[in-house]
Amino acid sequence: MSTQFNERNISMVMDMYELTMANGYFREEYQDTLAVFDVFYRNNPDNAGYAIFAGLEQVVEYIQNLHFSEEDVEYLRSQNLFSEAFLQYLLAFKFRGDIYAMPEGTVMYPNEPIMTVVAPLIDAQLIETTILLEINHQSLIATKTNRIVQAAGKKPVSDFGARRAHNVDAAVYGARAAYIGGAASTATVLAGKMFGIPISGTMAHSWVMTFESEFDAFKTYAETYPDAALLLVDTYDVLKSGVPNAIRVAKEILEPMGKRLKGIRLDSGDLAYLSKEARKLLDAEGLEDCIIVASNSLDEYTITSLGRQGAMLDSYGVGERLITSYSSPVFGAVYKMVAIQKDGGFVPKIKVSETIEKITNPGMKEIYRVYDAEGKAVADYLTLKEEKIVDGESIRYIDPLKYWKNRSFVNCTFKPLQKQIFRNGELVYDLPPLEEIKAYVRAQLTNEIWEEEQRFENSHTHYLDMSPAMFELKMGLLHEANKD
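Now for a look at the structure at hand. Throughout, a residue's number is its position along its own chain's written sequence, starting from 1. Totals for whole chains, interfaces and linings use every residue, but because this is a predicted model, local features are given only for residues with pLDDT of at least 70 and side-chain atom pairs only at 80 or more, for both listing and counting. Only hydrogens and water are removed before side-chain values are computed, so all heavy atoms of the structure are retained for them.

The next subject is the pattern of salt bridges. Should a side-chain nitrogen of Lys or Arg be within 4 Å of a carboxyl oxygen of Asp or Glu, the pair is scored as a salt bridge. Following the criterion strictly, the structure yields 29 salt bridges and no others. D227 is paired through a salt bridge with K259; the nearest N and O atoms lie 2.9 Å apart. Here the residue D227 occupies a position in the loop between α10 (214–224) and β8 (230–232), and K259 occupies one in the loop between α11 (238–254) and β9 (263–266), the gap between them amounting to 32 residues. Exposure is judged per residue with a 1.4 Å probe applied to protein chains only, and the accessible area is read against the type maximum: over 50% gives exposed, under 20% gives buried, and values in between give partly exposed. Classification of D227 by relative accessible area gives exposed; the value is 59%. Salt bridges sharing partners connect three or more residues here, namely D46, K144, R147 and E300. The helix count covers DSSP runs of H or I at least four residues long, the strand count covers runs of E at least two residues long, and both are numbered beginning at the N terminus.

Pairing in this open sheet of seven strands is antiparallel, and the strands run β13-β12-β1-β5-β3-β19-β20 from one edge to the other. Since the sheet does not close on itself, it has two edges, and those belong to β13 (345–348) and β20 (426–427), each with one partner. Where strand β3 (residues 98–101) meets strand β5 (residues 115–120), four bridges bridge the pair, whose relative direction is antiparallel. Bridge pairing in β5 links D98 to V118. Relative to the sheet, helix α6 (residues 128–152) contacts β1 (34–40), β5 and β12 (334–342), its axis offset from that of β12 by approximately 140 degrees. We treat two strands as partners when DSSP finds at least two bridges between them. Contacts are assigned to residue pairs that have any heavy atoms within 4.5 Å of one another. Only C-alpha atoms enter the line fits that serve as axes; for helices the fit covers just the stretch in contact. Angles between N-to-C directions range over 0 to 180 degrees.

This brings us to helix α4 (residues 84–91). Among all positions of α4, only F86, L87, Y89 and L90 are buried. One face of α4 carries all of its buried residues, which in axial projection span an arc of 155 degrees. If you follow the buried residues of α4, they end up packed against α1 (16–27), α3 (70–77) and α5 (121–126). The arc under discussion is defined with respect to the helix axis, by the directions toward the C-beta atoms.

Next up on the list: empty space enclosed by the protein. Residues are said to line a cavity or pocket when one of their atoms sits within 4 Å of a point; the points come from a 1 Å grid over protein atoms alone, cavities being sets where a 1.4 Å probe fits but cannot get out and pockets being open sets with protein on both sides within 12 Å along at least five of seven lines. Grid points are joined across faces, edges and corners, and a volume is the space filled by probe spheres set on the points. All told, the structure shown has three cavities of 30 Å³ or more when counted by the stated rule. If you add up the space inside the largest cavity, you get close to 70 Å³. Counted by class, the lining of the largest cavity contains four nonpolar, three polar and three charged residues. If you go around the second largest cavity, the residues you meet are V36, D38, Y100, T116, V118, M364, K365, K385 and Q418. Residues were grouped as follows: Ala, Val, Leu, Ile, Met, Phe, Trp, Tyr, Cys and Pro as nonpolar; Asp, Glu, Lys and Arg as charged; and all remaining residues, including Gly, as polar. Broken down by class, the residue content of the lining of the second largest cavity amounts to four nonpolar, two polar and three charged.

A few words on the nonpolar core. Put simply, buried Ala, Val, Leu, Ile, Met, Phe, Trp, Tyr and Cys residues joined by side-chain atoms within 4.5 Å make one nonpolar core. L90, M115, V117, I127, I264 and Y316 are the most contacted members of the largest nonpolar core, which totals 134 residues. For this core, the element with the highest residue contribution is α6, accounting for 10 residues. V117 has contacts with A35, V36, F37, F95, D98, I99, A124, I127, I131 and Y335, leaving out every residue within four places of it along the chain. Core analysis: the second largest hydrophobic core is formed by nine residues, A379, Y397, C412 and F414 among them.

Another aspect to go through is a nonpolar patch on the surface. Two joining distances apply to patches: 9 Å for like charges and 5 Å for nonpolar side chains (Val, Leu, Ile, Met, Phe, Trp, Tyr), and every residue must have over 30% relative accessible area and no salt bridge. Only the protein chains shown count as covering a residue, and every accessible area follows the Shrake-Rupley method with a 1.4 Å probe. Judged by side-chain polarity, I10, V13 and L133 come together as a nonpolar surface patch covering roughly 200 Å² of accessible area. When you line up the elements, I10 lands in the segment before α1. Its relative accessible area of 34% is what places I10 among the partly exposed residues.

It is worth spelling out the pairing of β12 at this point. As paired elements, β1 and β12 share six bridges and run antiparallel to each other. In the sheet register, V36 faces β12, and the bridge partner there is A339. Pairing of β12 with β13 involves four bridges; the strand directions are antiparallel. Residue pairing in the sheet places I340 in a bridge with V347 of β13. Between the end of β12 and the start of β13, which pair antiparallel, lie two residues, with D343 showing a positive phi angle near 55 degrees.

Pasting the structure below:
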């Protein structure tokens, strides 16, 4: 019986139309024609000022392992849709293209190319779905977690979300994304094992209810884990039973052992009120170092509210609203052709739509982050691939929303955001360790990104400007497409 726990070849995690188009391209002998596709998204989750790029490492793993087994091909043969020559082609298939991408952890904005694929048409088409699902999922969770971490300030946030995730992979890779976004630890043990994320966890209400009394439950736990005794105090009554029993364990069990009670956890009720009252009880017994952890359907808004209410909380365990990005559950990255090879060059392509935000930016291009003299990111700048940018020069740009204005970047520096990941199907990029990705996120938000963009409400819009040549190319293609 085949299950999700078997060793998996996920090469065929793709939409059917990728295979039907690939078969058609093969029939028309387009299999070696190069095409260029951009990955981008149109709106930040939660109407935020930015998003965080995550999932690149899993895209790399997918590309490196992409192949079609005999079993895969036999299944496709049974559909009676594909030529035998095409099926034999798939048996020998290996990705042959180039891929460029922002480094994982990059702070990113709508409508700019996160990733660019330059590959033979079939190769580029077959990888669409998995690229999108990896980037959409992990970027969504990293972005949501970062908002929660920002709300928590210096207080650590742990991912408690596995049991509310949409499946096993969503739990494990969601934990990875959450760590990139700033979470301090995860309760998901497999994520800890796979990615080296610190794991954390204490007890459930069932532990407390297993024993004859709450005190016995706490006593047994403290004796078992004297250096990590963090007790769940809301099974019966927080202030009349839970906290007093935790204090009793601290005094009667741990202190004679030379140990201290690490903390208590609140998982229900009025967290602001209960934390303040619990803090008073703990401090009165000399347990000022005992931390108070809160869980129970938390997110950036509830954490912000708890802070405004003066809640005496030291740490947060955040579950369903983190792992599902409950308030904004769809990231929406798309994969669009922007150029195709013809006569030794590339012909730019544009998707035209009555919905303005669905009109694409055509052609092979470069995306730069523009920094002022203080090192702050003032805008992102989209140019044609062949354009040369020189730091410090006065460089004219066009705001696509106010294109009639004459504006220039003056005394700015420009950093290209994409790095080459694959060349001719071979990995040429050193994937950074997870800790480095997490630190990169933190460094950008601390040093480069305006505080105004990091607000939860009415955040400042980061500008995506275009070079005059880029803008003229787009306008020219739009005019051409709308000729009578």
